[in-house]
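Examination of the molecular architecture
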Amino acid sequence: MAKPNLKITEIFHSLQGEARAIGLPTVFVRLTGCPLRCHYCDSAYAFHGGERRDLDEILAEVASYKARNVCVTGGEPLAQANCIPLLAALCDAGFEVSLETSGALDISAVDARVSRVLDLKTPASGECHRNLWDNIPHLTAHDQVKFVICDKDDFDWACFKVSEHDLCARAGDVLFSPSFGQVNPTDLANWVIESGLPVRFQLQLHKLLWGDEPGH
Ligand SMILES: C[S@@+](CC[C@H](N)C(=O)[O-])C[C@H]1O[C@@H](n2cnc3c(N)ncnc32)[C@H](O)[C@@H]1O
Ligand SMILES: Nc1nc2[nH]cc(C(=O)O)c2c(=O)[nH]1
Ligand code: SF4
Ligand SMILES: [Mg+2]
């Protein structure tokens, strides 16, 4: 039987730039391909191409960087069935694993040791209709929910969804992040303060440090 393999765009070692583990040295495994087309996507170079790599080979490269944290991202990682065994194998190997996912695919088969960062797509992303709301009951305190905000209407929509689905109680963190270069981060920060919601404002740290280049 052929060994499990995945289509990979890049594996790189950097600092986690987003979410709960921000600032920690992290190895990123970026899986190729995505069925969505968010208009702001900063990783469109992962839509096509990539290289098929065996699971063992991926694990060996990840281990070679000697980091404790691993982030599986894309593209949309859950669009490849072998993402599920990859996540379990990374956990078995002792890594702290997070998964960045669009919220459009079923998260229920993801290993419970993984912190799932579920990005709920806002109206201005152009992909709001893809949100799989059945994912919400699967969230635990180990998981995170993210909204990438493009404008004030997105912010108001996100606040409504946080209340409607009681997201601050269901997930360990609810993150509000500005769409890079689109909304003024200071405006978003002020809206968060005024809202009174216990959500975490975040900036993409890696873009402050290295700009919008692939590989960081
Ligand atoms: C490139 S996506 C890959 C994982 C998955 N497809 C998803 O959308 O969550 C990783 C994260 O980067 C965010 N992102 C992409 N482009 C962005 C931008 N221009 N500004 C802020 N966040 C962005 C996405 O919303 C997502 O939370
Ligand atoms: N440094 C860094 N941190 C990140 N966290 C999530 C990323 C992603 O593209 O999903 C990312 C990324 O591309 N770079
Ligand atoms: S789902 Fe993620 S990878 Fe796909 S287009 Fe949207 S931001 Fe980019
Ligand atoms: Mg990125």
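Residues numbered from 1 in each chain as written. Chains lettered and ligands numbered in written order. Predicted model: local features only at pLDDT ≥ 70, side-chain atom pairs only at ≥ 80, totals over all residues.

Looking up the protein in an unreviewed UniProt entry gives the name 7-carboxy-7-deazaguanine synthase, with the organism given as Simiduia aestuariiviva. Regarding the protein, the relevant UniProt record gives this comment under Catalytic activity (unreviewed entry): "6-carboxy-5,6,7,8-tetrahydropterin + H(+) = 7-carboxy-7-carbaguanine + NH4(+)". (UniProt positions renumbered as here; feature names shortened; annotations may be inferred.)

This next bit is on the UniProt feature "binding site: S-adenosyl-L-methionine" (unreviewed entry) in the protein. Taken from the UniProt record, the annotation "binding site: S-adenosyl-L-methionine" (unreviewed entry) applies to Tyr40, Cys41, Asp42 and Gly75. Annotated residues spanning 36 residues; largest pairwise C-alpha distance 13.0 Å, indicating a single compact cluster. With respect to the helices and strands, the residue Tyr40 is situated in the loop between strand E2 (25–31) and strand E3 (51–54). In contact with Tyr40, other than residues within four places in its own chain, are Ser125, Val148, Cys150, Ser179 and Gln182. On the secondary structure map, Asp42 appears in the loop between E2 and E3. Residues within four places of Asp42 in sequence aside, it is in contact with Phe180 and Asp212. (Helix = DSSP H or I, 4+ residues; strand = E, 2+ residues; numbered from the N terminus. Contact = placed C-beta atoms within 7 Å.)

What follows deals with the pairing of E2. Summarising burial for E2: six of the seven residues are buried, a large majority. Bridge count between strand E1 (residues 5–15) and E2: seven bridges; the pairing is antiparallel. Pairing of Glu10 across the sheet is with Arg30, part of E2. Summarising the sheet, E2 and strand E4 (residues 69–74) pair through six bridges and their orientation is parallel. Counted as the bridge partner of Phe28 is Cys71 from E4. (Buried ≥ 20, exposed ≤ 12 C-beta atoms within 10 Å, placed from the backbone. Pairing = 2+ DSSP bridges.)

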